[in-house]
Amino acid sequence: MDGETPLSDPLVIAGRSLRSRLILGTARFPNRQVMLDAIEASGAEVITASIRRISLDGYAESLVDLVGGRYQLLPNTAGCSSVRDAVLTAQLAREALETDWVKLELIGDRETLYPDVADLIQAAEELVGDGFTVLPYCTDDPVVCRRLADVGCAAVMPLGSPIGSGMGLINPYNLEMVCTRSPVPVILDAGIGTASDAARAMELGCDGVMVNSAIAQANDPLGMAAAMRDAVAAGRRARLAGRIPRRAYAEASSPQLGLIGSGS
Amino acid sequence: MDGETPLSDPLVIAGRSLRSRLILGTARFPNRQVMLDAIEASGAEVITASIRRISLDGYAESLVDLVGGRYQLLPNTAGCSSVRDAVLTAQLAREALETDWVKLELIGDRETLYPDVADLIQAAEELVGDGFTVLPYCTDDPVVCRRLADVGCAAVMPLGSPIGSGMGLINPYNLEMVCTRSPVPVILDAGIGTASDAARAMELGCDGVMVNSAIAQANDPLGMAAAMRDAVAAGRRARLAGRIPRRAYAEASSPQLGLIGSGS
Amino acid sequence: MDGETPLSDPLVIAGRSLRSRLILGTARFPNRQVMLDAIEASGAEVITASIRRISLDGYAESLVDLVGGRYQLLPNTAGCSSVRDAVLTAQLAREALETDWVKLELIGDRETLYPDVADLIQAAEELVGDGFTVLPYCTDDPVVCRRLADVGCAAVMPLGSPIGSGMGLINPYNLEMVCTRSPVPVILDAGIGTASDAARAMELGCDGVMVNSAIAQANDPLGMAAAMRDAVAAGRRARLAGRIPRRAYAEASSPQLGLIGSGS
Amino acid sequence: MDGETPLSDPLVIAGRSLRSRLILGTARFPNRQVMLDAIEASGAEVITASIRRISLDGYAESLVDLVGGRYQLLPNTAGCSSVRDAVLTAQLAREALETDWVKLELIGDRETLYPDVADLIQAAEELVGDGFTVLPYCTDDPVVCRRLADVGCAAVMPLGSPIGSGMGLINPYNLEMVCTRSPVPVILDAGIGTASDAARAMELGCDGVMVNSAIAQANDPLGMAAAMRDAVAAGRRARLAGRIPRRAYAEASSPQLGLIGSGS
Amino acid sequence: MNGTICINGEDRQLAATTVIELLRAEGVDPGRRGVAVAVNGRVVRRSDWPTTPLSAGDAVEIVKPFAGG
Amino acid sequence: MNGTICINGEDRQLAATTVIELLRAEGVDPGRRGVAVAVNGRVVRRSDWPTTPLSAGDAVEIVKPFAGG
Amino acid sequence: MNGTICINGEDRQLAATTVIELLRAEGVDPGRRGVAVAVNGRVVRRSDWPTTPLSAGDAVEIVKPFAGG
Amino acid sequence: MNGTICINGEDRQLAATTVIELLRAEGVDPGRRGVAVAVNGRVVRRSDWPTTPLSAGDAVEIVKPFAGG
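Residues numbered from 1 in each chain as written. Chains lettered and ligands numbered in written order. Predicted model: local features only at pLDDT ≥ 70, side-chain atom pairs only at ≥ 80, totals over all residues. Heavy atoms only, no water.

A. Quick peek at the relation of the copies chain B and chain D. Taken as rigid bodies, chain B and chain D are interconverted by a rotation of 180° and an axial shift of 0.0 Å, the fit giving an RMSD of 0.0 Å. When the rotation and shift are considered jointly, the pair of chain copies conforms to a two-fold rotation axis. Within chain B, the C-alpha atom positioned nearest to the axis of rotation is that of A118 of chain B, 2.4 Å from it. Take the interface residues of chain B: 100% of them recur as interface residues in chain D, which is what a same-surface contact looks like. (Least-squares fit on C-alpha atoms with pLDDT ≥ 70 in both. Contact = heavy atoms within 4.5 Å.)

Here's what the structure looks like:
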């Protein structure tokens, strides 16, 4: 058995079947080679990209040429703070990457990078109407997630904690509520700090996990990429296997009879 | 890459090198075949056994014949509540299983199944003097763990939460203190409920994890065994890879410049 | 010294100064007398009321006559699930209770009783435009809370956990973010289970706490009302007094020198 | 009603009845006057003192003269790390302060300041045999606490978190186990950071709380002393009042019928 | 004065020409504090009760405060 | 062909009559994958670059994918 | 050879003179792996079973491994 | 009356024959509340200070209460 989820248990988003339940962000890696090796080690099939003006060149300049063939590029609208900019960025992304999938981000606060959920619902509705497969970065509010599904989003991407904070899942209770009620796949996005966070998200019922900083900024990005791959597999397997209930008291595992020194 | 930890990173206890950092309990499985398949799926090399009077026969009657060859049997002194009984049980176990390794359990309270740490230190000292390789089931008290190491224990096995409770790690802070200070390997014992608990224990610095009820009593013991195998690997990889720090605030992953609609 | 916050530290909402930082709900008490005694014991000046059709009579029939004089009645729009119903209910409440204050509730999900924040912002804006002093029941989303303040709400009332759940503060991190950023008073609403929850909310920076079920449904509502009064005072005092920082390690309180048995 | 617990609910230790359930440490205050005022504001009747060689003089030189009359001085054996030193320090304290009460501290690790519970039980037994009323600083291990009661301790003082850390209650689960099982009063000792920690300890079943650094080192020690007084009262009242159960789901407080806009 | 009127969700024979008549007909003392009325989704202020006409098909809400959280 | 045009937020002398000319003038190979263009807030599809005119005052965005989270 | 012996907590008529005889009498194959014996709180090594005498009042424990956690 | 004595961890020339003499020599008022003394690991009760002899090699602890947690 390897770290990937079995073929018999794919993640299906908008009719597309994915073997890996881990989505990787491509930002903030020490360099291009480490990024490529980490993606490889993670087993991810879908990786994210941002859309920026050409004048702004970094190593990622030819991201498409680099990875276009081997991975599905999922463009985001990171940094957009108005419906108008988010929609236009999504449309440019579709043109640039020849995909109608978009990770919709609509930032409501530059400091916390929390989404503006009211505008988000409106932008999502517009983009769905324009033929997009929309995966919105949202809060863990079960009503917001349901409304996003109602306007036609293909999945929802609630945050575990603020982007890049590494605080993991600050509100597992809400996350579980969202997973229980969502008619579309739930991809945990943002805040993952280490492998157990990813495993826990899957155990709570998430269908997938998106990770960027926790891998890109780890001391050893390749090692952490493999850790996340295993953690997502572990969490998914545990979810399917059905965990034992939490009990407030102890229950002996070894037999209680036949102890030496005891009476007959 | 598979779910096992790399050969280059073995767990070494009393000079013995183990590829798997997962130790399995053999109790409470639905039946013998499920137990054998789960052990196989878990990748564990060491499994535990209890010592009981012959009159008390169950499916495990011929545990030695069943698994003796393929796995290292680690006898425990489960259920003993006096130094005398624990020591004699250990000595009988050595004779019965031809091993001087023992998982020393000395119960101080039948309800919580918490160890009696004062008696435990004394029993451990006696057994070490008698040539045993002692792995004591203990609390997450850093002073108790250090004293157990001081009297010659080969490892310490602090509880995550009460045996069979499935509550996971009720005190990660103490667990981390124990791991930071222990001169001998730390094996998290008791309380694991699901895969992410095992991953987290490894991330906190544990050298291994012992699991029984969480696998044996899961709806699908084989699936949970594989989940635990992956979780221990994930947690260990994450520990070695060096996680990002927790930050109270957000940090954008995508580039902050070159947004459309912005000024030059 | 008594359990009330000092006169020098009033809670000011929309220019109105309140000595007590505790707001009481009037529902679900065993009977009318217990309700009146509990309000008295709590020291609250503001209590909430719902607006319902006259045909539905209970002991609270003459709530106005009962308490109108001694306490400020804060009508809510509990149960409304559309902007239209919430706005009309608020307008009827203004007419019935001769107050332009309203606790705006706009439920997005009958099971979780989570608000629909997108509709909530719209309803709040309408009511502010109509001259109301609006206190919206909302989530702990810092962007939603800021937008509610931006449209003119006099305070925000984020939930600690689902209404009536008694789970306390499921996301203290977000609550603290909301308090740090809110330009208007923050009143913790919903989910309080016991006194320490109320104290903690105040310590996190809330300006007040609203409690109903935790008092009305306690075994001893009067005792719990006094407990909540003391807890809000304790939390407020602690907030103002400036707590010591959390430190990962110990720091001795007694002097470290002059121990007997030590060298000179 | 004031912040003190009602006269009808005293804390009784070794037959002595105390109105206040808060015990104050006297170390680390900015100066002597602040210490005296804080003790006054806290409502405490029992305060602790350490025993040191005369050469080591600080402002507290004449602690006995300062407070001897108005408060009960409870000497501790802080800093002792052997049974012998702890016992002798207790005996010197009895002679110096004319009290047979002693807060027994036996440190097992200078860094964490965790007690050495095995030695602690032995020292407690010796002191009880010598006629002392022993209140041992211990861990939250239910077996250790029971053994301390079994050897005749008048109360147990489990730590909430490391001394001076301000981390509050790191293991509420164990604390509750200890309270449920202890035949003698349980006084939460060490780690309190702010008022809600003290309230929570009382709600979990503690009979009293000991605080030092959280008050002495607060920005405003007097304000925090009053906060702790109110918090202990709030937590005790809440414990006695019987909190509502935690429920995983919401439960409406306002009536569900008679909503406007609904059908008949 | 024919036709029906909907009062708090229930259809009734229209038996009043103004809001104040309706309240009396329903046994609600118009002088009592805490009562409020809406007709067809609009609040009718207390001072307008005597002069606000009702006609067939109107939807009327008559409310007052109850205990609430 | 006078006046200025705003390219990625910078004002420039208008020196091209069509989008494709502009790209060449800016040193962007129009054949290259991953480039997208919007004029005045509307995406111009690659196939329309040769025929889409530019005039003074137009605001043009020229973008491509970068690493992102 | 009179009197009783306590085997795994049960009193029995003493019917064996050595440990190995006792095991056979109890239907335990002495050659079988995994069995261990203690007499009066002391382990009797397998090699000593044939030569270790039993007498009235002895307390014998006969154990083997079972599943355990 | 030769040799040294250890007072609170410090070696001194022995200059007193009894505990009470020693206290005076050390400038500690024996009448003052809160002082306690141990010699060679044994507490000497206040009433015994005048009569308890000191000899070379004795280890003396003189303590009193301080602020403490």
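B. The arrangement of the pattern of salt bridges in detail. In this structure the tally under the stated criterion is 68 salt bridges over all chains. The residue R84 of chain D makes a salt bridge to D85 of chain D at a minimum N-O spacing of 2.7 Å. Residue classification places R84 of chain D among the exposed positions, given a relative accessible area of 56%. For the salt bridge of E95 of chain D with R45 of chain H, the shortest nitrogen-to-oxygen distance reads 3.2 Å. (Salt bridge = Lys/Arg side-chain N within 4 Å of Asp/Glu carboxyl O. Buried < 20%, exposed > 50% of the residue type's maximum accessible area, 1.4 Å probe, protein only.)

C. Focus on the relation of the copies chain B and chain A. Mapping chain B onto chain A calls for a screw motion: a turn of 180° about the axis and a shift of 0.0 Å along it, with 0.0 Å RMSD after fitting. A shared binding surface is used by both copies, with 100% of the interface residues of chain B retained as interface residues in chain A.

D. Broad picture of helix 1 (residues 32–42) of chain C. Residues and elements named next belong to chain C. Taken as a whole, helix 1 has its buried residues at V34, M35, L36, A38, I39, A41 and S42. Where helix 1 is buried, its residues touch strand 3 (22–24), strand 4 (46–53), helix 2 (63–67), helix 8 (213–216) and helix 9 (221–241). Capping of helix 1 at its N-terminal end is provided by N31; its side-chain oxygen lies 2.9 Å from the backbone amide nitrogen of Q33. Residue G43 follows helix 1 closely and has a positive phi angle near 75°. (Helix = DSSP H or I, 4+ residues; strand = E, 2+ residues; numbered from the N terminus. Polar contact = N/O pair within 3.5 Å; in protein donor to acceptor, adjacent residues only side chain to side chain.)

E. Molecular detail of the interface of chain B and chain A. Counting from both sides, the interface comprises 75 residues of chain B and, opposite them, 75 residues of chain A. Both sides of the chain B and chain A interface together cover about 6,000 Å² of buried area, and 58% of this is carbon and sulfur. Three residues, R53, I244 and I260 of chain B, lead the burial of chain B against chain A; their summed loss comes to 12% of the area buried on that side. At the junction of chain B and chain A, the tally comes to two salt bridges. A salt bridge links D230 of chain A to R237 of chain B; the shortest N-O distance between them is 2.8 Å. Where chain B packs against chain A, one counts 22 residue pairs in polar contact (both at pLDDT 80 or more). Elements with a contribution of two residues or more to the side of chain B that touches chain A: strand 4 (46–53), helix 3 (83–97), helix 7 (195–203), helix 8 (213–216) and helix 9 (221–241) of chain B. Considering each element in turn, the side of chain B that touches chain A owes the most residues, twelve residues, to helix 9 of chain B. Its residues assigned to classes, the side of chain B that touches chain A comprises 35 nonpolar, 24 polar and 16 charged. (Buried area = accessible area lost by both parts, 1.4 Å probe. Nonpolar A, V, L, I, M, F, W, Y, C, P; charged D, E, K, R; others polar.)

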